[in-house]
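# Breakdown of the fold
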Amino acid sequence: MDFLQMAKERYSVRKYKNIPVEKKKLDKILEAGRVAPTGANRQPQRIIAVTGPEGLEKLGKGAKTFGAPVVLIVCADKEEAWTRPADGKIIADIDASIVTDHMMLQATELGLGTLWMCWFKPDIIREEFNIPLNYEIVNLLAIGYADCEPLSADRHDEMRKKITETVTYA
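This text gives an overview of the structure that appears in the document. If you're wondering where the values come from, they're calculated on a predicted model, not measured in any experiment.

Rules and cut-offs
Residues numbered from 1 in each chain as written. Predicted model: local features only at pLDDT ≥ 70, side-chain atom pairs only at ≥ 80, totals over all residues. Heavy atoms only, no water. Axes fitted to C-alpha atoms, helices over the stretch in contact; angles between N-to-C directions. Helix = DSSP H or I, 4+ residues; strand = E, 2+ residues; numbered from the N terminus. Left-handed = near helix turned anticlockwise from the far one by under 90°. Contact = heavy atoms within 4.5 Å. Nonpolar A, V, L, I, M, F, W, Y, C, P; charged D, E, K, R; others polar. Buried < 20%, exposed > 50% of the residue type's maximum accessible area, 1.4 Å probe, protein only.

Viewed as axis vectors pointing N to C, helix 2 (residues 23–34) and helix 4 (residues 92–109) meet at an angle of 145°, and their least axial separation amounts to 7 Å. Handedness of the helix 2/helix 4 crossing: right-handed. On helix 4, the residues touching Lys28, Ile29, Leu30, Ala32 and Gly33 of helix 2 are Val99, His102, Met103, Gln106 and Ala107. In the contact of helix 2 with helix 4, the residues fall into six nonpolar, three polar and one charged.

Laid out in structure tokens, this is it:
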């Protein structure tokens, strides 16, 4: 499939079938995250793959998982991330977001639905999963087989700003 077409067809899934994600597919998704670019190749991403009922129950204390059979807790080790010298910006959150995007799009290519989540309670998740303080919990990525009608790939024509509103040339 053409990349742009796949990106247009991807949508946020908030209801999943009660079907496990195959290990082979999950491994490919995690590999896509592993090869994602990071600042100065520091690779600060730390991912907790929550795949079982006990882990999903723990995660449910701090986030709504929408019935997804897999949720990736995407963290970034702030001590490992590159820091921009000009202003001291630690790019751990940027690196983790690039990794998440790679995994999300790989899941889409494999026929899986995803939901990128930033609405969660990091303190509860940190406690439930014993996540070190130097790890920033950047986002959660729910993955599974969608149990809803897909959104139209053409929705972007109406729902997105025109490119002239978001891009300038210099």
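Once that is clear, we can look at unusual backbone geometry. Of note, the phi angle at phenylalanine 66 is positive, near 60°, even though the residue is not glycine. Topologically, phenylalanine 66 is positioned in the loop between helix 3 (53–59) and strand 2 (70–77). Using a relative accessible area of 22% as the deciding quantity, one classes phenylalanine 66 as partly exposed. At asparagine 130, a residue that is not glycine, the phi angle is positive and equals roughly 50°. Turning to its location among the elements, asparagine 130 is positioned in the loop between helix 5 (122–129) and strand 4 (135–144).

A few words on the environment of glutamate 127. Looking at where glutamate 127 falls in the secondary structure, it is placed in helix 5. For glutamate 127, a relative accessible area of 62% puts it in the exposed group.

In short, shape yes, function no, at least from these values alone.
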